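Commentary on secondary and tertiary structure
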Amino acid sequence: MTEKSSAKAIVVFDIDGVVRDVSGSYRRAIADTVEYFTTQAYRPTPLDIDQLKSEGVWNNDWEASQELIYRYFETQGQTREQLQLDYNAIVAFFQSRYRGPDPNNLTGYICNEPLLLQPSYLEQLTQAGIAWGFFSGATRTSANYILEKRLGLQSPVLIAMEDAPGKPDPTGLLATVGLLENGIEQTSAVMYVGDTVADMYTVDKAQALDSSRTWIGVGVLPPHVQETAARGNAYAETLLAAGAVVVLSNVQELTPRQIQELVSSFA
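Rules of the game
- Per-chain numbering applies: the sequence of each chain, read as written, is numbered from 1 onward.
- Only residues with pLDDT of at least 70 get local features here, since the model is predicted, and only at 80 or more are side-chain atom pairs given and counted; chain-wide, interface and lining totals rely on the full set of residues.
- No hydrogens and no water enter the side-chain calculation; it runs on all heavy atoms of the structure.
- Definition used in this section: a nonpolar core is a set of buried Ala, Val, Leu, Ile, Met, Phe, Trp, Tyr and Cys residues joined via side-chain atoms within 4.5 Å.
- For each residue, the accessible area found with a 1.4 Å probe, counting protein chains only, is set against the maximum for its type, and the residue is called buried under 20%, exposed over 50%, and partly exposed in between.
- Working definition: helices are DSSP H or I runs of at least four residues, strands are E runs of at least two. Numbering for both runs from the N terminus.
- Any two residues having at least one pair of non-hydrogen atoms within 4.5 Å are treated as being in contact.
- Working definition: a ring pair exists when centres of Phe, Tyr or Trp rings (six-membered ring for Trp) sit within 6.5 Å. Plane angles under 30 degrees give stacked, over 60 give edge-to-face, the rest tilted.
- Here, a charge over a ring means that NZ of Lys or CZ of Arg falls within 6 Å of the ring centre while also lying within 35 degrees of the ring normal.

**A closer look at the nonpolar core**
If you look at soluble globular proteins, the nonpolar side chains tend to sit buried side by side. Formed by 34 residues in total, the largest nonpolar core has its most connected members in Phe13, Phe134 and Leu254. Elements with a minimum of two residues in this core: strand E1 (9-13), helix H6 (119-127), strand E2 (130-135), helix H7 (140-150), strand E4 (189-194), strand E5 (214-220), strand E6 (246-248) and helix H11 (256-266). Contact partners of leucine 254, with chain neighbours within four places excluded, come to Val11, Tyr121, Leu125, Met191, Val193, Val218, Leu248, Ile259 and Leu262.

**Some words on the packing of aromatic side chains**
One pair of aromatic rings is described through two measures. These are the centre distance and the angle between the planes. A complete count under the given rule lists twelve aromatic pairs for this structure. Considering the side-chain rings of tyrosine 36 and phenylalanine 93, the 4.2 Å spacing of their centres and the 15 degrees angle between planes classify their relative orientation as stacked. Of the two residues, tyrosine 36 sits in helix H1 (residues 26-37) while phenylalanine 93 sits in helix H5 (residues 87-98), which places them 57 residues apart along the sequence. Among the aromatic residues, those joined into a ring-pair cluster are Phe13, Tyr121, Trp132 and Phe134. Of note, lysine 167 hangs over the ring of phenylalanine 135, and the distance from its end group to the ring centre comes to 5.3 Å.

**Let's talk about unusual backbone geometry**
Cis geometry is found at the peptide bond from lysine 167 to proline 168, where omega equals 15 degrees. Along the chain, proline 168 turns up in the loop between strand E3 (158-159) and helix H8 (171-180). Backbone geometry at glutamine 40 places phi at a positive 65 degrees, although glycine is not the residue there. Mapped onto the elements, glutamine 40 comes out in the loop between H1 and helix H2 (46-53). Glutamine 40 sits in the exposed class, given a relative accessible area of 54%.

Right under this line is the structure:
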């Protein structure tokens, strides 16, 4: 693109549950961590984790793990003040499962995450004049592993955990858009594609901060909720209630044509 050109739209993707299936990695690590710190008394189910995340403030899986541990002990009559959980120990255990014991040589659950999109899909967006990038609560190491090593992308635009406050704070989304617009005119429409309530709340908060353009929340059903139609439908309703304009079963359903149709409907 030349400096004077402008993208037809910007699409920013969440990573976990959108670009990769994390039901057997991040979510498994949550369950392992909670089980370990409750001395095998409680292992949260995928539905337990979904219910926590539906509250819209538990995007960080380390904090989500700690919260589930606290809530279990509260059902046993203990207070948070009594427990005084060691957050750093929770993070270390979680990472030992997700990344593996050696942080410089990834051998954990991260190595087995199924991909939910192909590089050819992103190339279609580029050819259609649609700029794209990533804003994720994942660490930069984890995000780059999937984007660069697994998908083969060359230095993609990415705002990761270390770069911005956690969702639903929209700072990271705004920063991603800023990087994508570097040298081009302001784009009138921005889509954020995510799989959680926090992702949709982030879009709403971005709109409140920057009303000069249209912000569109696109929901994607993560694979683990699609095992039954009833669960998928319930999850979709939750995303729609949180502000999603549409909910897709896979990110690649968001074709250039559908992006243009969504943008036009807000024009």
